[in-house]
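Each chain, written out:
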Amino acid sequence: EVQLVESGGGLVQPGGSLRLSCAASGFTFSSYWMHWVRQAPGKGLVWVSRINGDGSSTSYADSVKGRFTISRDNAKNTLYLQMNSLRGEDTAMYYCARGVGATGVGYWGQGTLVTVSS
Amino acid sequence: QTVVTQEPSLTVSPGGTVTLTCASSTGAVTSGYYPNWFQQKPGQAPRALIYSTDNKHSWTPARFSGSLLGGKGALTLSGVQPEDEAEYYCLLYYGGVWVFGGGTKLTVL
């Protein structure tokens, strides 16, 4: 059974940093693109970032480029999102999701909540 | 800035058919945008329904289908069930980055 479990969310002050993790199980982690998607309270889904299977290719939404870094540790079956220079507008539920090849998104985790506030 | 547009809300009767669409500010949506569709119910994580225009996941009910329609991505629900009431999001690929639509709130009434 495919499982994606996010962790690392919490309350952080503006300008602060946080690292999210997504523990994957039930599939060959290194074979899949992985994505981060966020959703502000009461708002729609926003794609944040993706990374290919060996970590050699990444891309980001303009809103987070230069502040967020996606990475993965295939030995630990874990996806990461390092978030720096956090702003109030980064407050959201953050979901990790498994890609379907390079052309889609399939399984989703349950999310971890990030709140940026003083 | 690329904008992906969906109908804000639609209403359908149980047993009816409804089509949700997904338009791109850059022009016609083609298969190269790999339209994906997701369903989200209140308090739940999104669930994937369709990828690469018309491909279903193993868990996608047969009444859901994806297509291209009039230069837009489309999700059609045939024989709508009460449990299909939800928010639906499309996702389009723009050469390395992905952009979600704003979502369509589907009411089954």
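Preceding this paragraph is the structure being described.
What counts and what doesn't
- Each residue is numbered by its place in its chain's sequence as written, counting from 1.
- By the order in which they are written, chains take letters starting at A while ligands take numbers starting at 1.
- Residue-level local features of this predicted model are given only where pLDDT is at least 70; pairs of side-chain atoms are given and counted only at 80 or more, and the full residue set underlies all totals for whole chains, interfaces and linings.
- To obtain the side-chain values, all non-hydrogen atoms of the structure were included, while hydrogens and water were left out.
- Among buried residues, the Ala, Val, Leu, Ile, Met, Phe, Trp, Tyr and Cys ones that are joined through side-chain atoms within 4.5 Å form a nonpolar core.
- Only protein chains enter the area calculation, which uses a 1.4 Å probe; residues under 20% of their type maximum are buried, those over 50% are exposed, and those in between are partly exposed.
- The secondary structure listing takes helices from DSSP runs of H or I that are at least 4 residues long and strands from runs of E that are at least 2 residues long, numbered from the N terminus.
- Whether two residues are in contact is decided by their heavy atoms, any of which lying within 4.5 Å being enough.
- Note on definitions: buried area is the accessible-area loss of two parts on being combined, 1.4 Å probe, summed for both.
- By convention in these notes, a salt bridge is any Lys or Arg side-chain nitrogen within 4 Å of a carboxyl oxygen on Asp or Glu.
- What qualifies as a polar contact is a pair of N or O atoms within 3.5 Å, subject to a donor-acceptor requirement within protein and to the restriction that residues adjacent in sequence count only when both atoms come from side chains.
- Pairing between strands is defined by DSSP: at least two bridges between the two strands are required.
- Note on method: axes are straight lines fitted to C-alpha atoms, helices fitted across the in-contact stretch only, with angles between N-to-C directions ranging 0 to 180 degrees.
- When two cysteine sulfur atoms are found within 2.5 Å, that pair is recorded as a disulfide.
- Stacked, tilted and edge-to-face are the three classes applied to pairs of Phe, Tyr and Trp rings, where Trp contributes its six-membered ring and a pair requires centres within 6.5 Å; stacked means planes under 30 degrees apart, edge-to-face means over 60, and tilted covers the rest.

J.: Sorry if this is basic, but what is going on with the nonpolar core here?
T.: Side chains that are nonpolar tend, in soluble globular proteins, to be buried together. If you look at the biggest cluster of nonpolar residues, it comprises 26 residues, and the most contacted ones within it are A:Leu20, A:Trp36, A:Phe68, A:Leu79, A:Leu81, A:Met83 and A:Tyr94. Here this core takes 4 residues from strand β3 (residues 18-25) of chain A, the largest share from any one element. With 22 residues, the next largest nonpolar core counts B:Leu20, B:Tyr33, B:Ala86 and B:Leu106 among its residues.

J.: Where do I start with the interface of chain A and chain B in this structure?
T.: One frequent convention defines the size of an interface as the accessible area lost when the parts assemble. On the chain B side, the residues contacting the 22 residues of chain A number 20 residues. Here chain A and chain B share an interface that buries about 1600 Å² over both sides, 65% of which is from carbon and sulfur atoms. On the chain A side of the interface with chain B, the three residues burying the most area are A:Leu45, A:Trp47 and A:Thr103, jointly 35% of the side's total. At the boundary of chain A and chain B, one finds 0 salt bridges. Where chain A packs against chain B, one counts 6 residue pairs in polar contact (both at pLDDT 80 or more). Among the secondary structure elements, those contributing two or more residues to the side of chain A that touches chain B are β4 (34-39), β5 (45-51), β6 (58-60) and β10 (105-108) of chain A.

J.: Explain the sheet that holds strand β7 (residues 64-69) of chain B here, please?
T.: By way of backbone hydrogen bonds, the strands of a sheet pair with one another, either parallel or antiparallel. All names here are of chain B. Pairing in this open sheet of 4 strands is antiparallel, and the strands run β1-β3-β8-β7 from one edge to the other. Unpaired on one side and paired on the other, β1 (4-6) and β7 mark the two borders of the sheet. Each adjacent strand pair in this sheet contributes to an overall mean axis angle of 20°, direction not counted. When β1 meets strand β3 (residues 17-24), the two strands line up antiparallel, connected through 3 bridges. The partner of Thr5 across the bridge, within β3, is Ala23.

J.: Hey, could you run me through the environment of A:Ser117 in this one?
T.: Residue and element names in this part refer to chain A. Mapped onto the elements, Ser117 comes out in the segment after β11 (112-116). Considering only alpha carbons, one finds Ser117 and Asn77, 40 residues apart in sequence, at a separation of 31 Å. Excluding its chain neighbours within four sequence positions, the residues that come into contact with Ser117 are Leu11, Val12, Gln13 and Pro14.

J.: I tried to follow the state of the cysteines on my own but got confused; where do I start?
T.: Across all of its chains, the model carries 2 disulfides over all chains by this definition. Note on cysteine connectivity: A:Cys22 is disulfide-linked to A:Cys96, with sulfurs 2.0 Å apart. Disulfide A:Cys22 to A:Cys96: torsion about the S-S bond roughly 45°, handedness right-handed. With a gap of 74 residues between them, A:Cys22 in strand β3 and A:Cys96 in strand β9 (residues 92-99) connect regions that are remote in the sequence. Of the two residues examined, A:Cys22 and A:Cys96, each falls in the buried class. Residue pairing for B:Cys22: its cysteine sulfur links by disulfide to B:Cys90, the two sulfurs lying 2.1 Å apart. Since a negative S-S torsion denotes a left-handed disulfide, the B:Cys22-B:Cys90 link at about 75° is right-handed. Note that B:Cys22 is positioned in strand β3 and B:Cys90 in strand β9 (residues 86-94), a separation of 68 residues in sequence.

J.: Even after reading the chapter, I still don't get the pairing of strand β1 (residues 3-7) of chain A, so can you show me in this structure?
T.: All names here are of chain A. Burial along β1 is one-sided: Leu4 and Glu6 are buried, while Gln3, Val5 and Ser7, pointing the other way, are not. Inspection of the sheet shows β1 paired to β3 by 5 bridges, in the antiparallel sense. Looking at β3, one finds that Glu6 is bridged to Cys22.

J.: Help me out: how do you make sense of the packing of aromatic side chains in this one?
T.: By convention here, two paired aromatic rings are described through the distance between centres and the angle between planes. Applying the stated criterion across every chain, the model contains 10 aromatic pairs over all chains. Seen in terms of ring centroids, A:Phe27 and A:Phe29 are 6.3 Å apart; in terms of plane orientation they differ by 55°. Their pairing is tilted. Taking relative accessible area as the criterion, A:Phe27 reaches 14% and is therefore assigned buried. Overall, A:Phe29 belongs to the buried group, its relative accessible area being 1%. With a centroid separation of 5.8 Å and an interplanar angle of 55°, the aromatic rings of B:Phe38 and B:Phe100 are classed as tilted.

J.: Whenever I open this one, the sheet that holds strand β7 (residues 68-73) of chain A confuses me. Can you help?
T.: All names here are of chain A. As summarised here, the arrangement of the 4 strands in space is β1-β3-β8-β7, forming an open sheet in which the pairing is antiparallel. The two strands at the open ends of the sheet, each matched to only one other strand, are β1 and β7. Between one strand and the next, the sheet's axes are offset by a mean angle of 15°, whatever the strand orientation.

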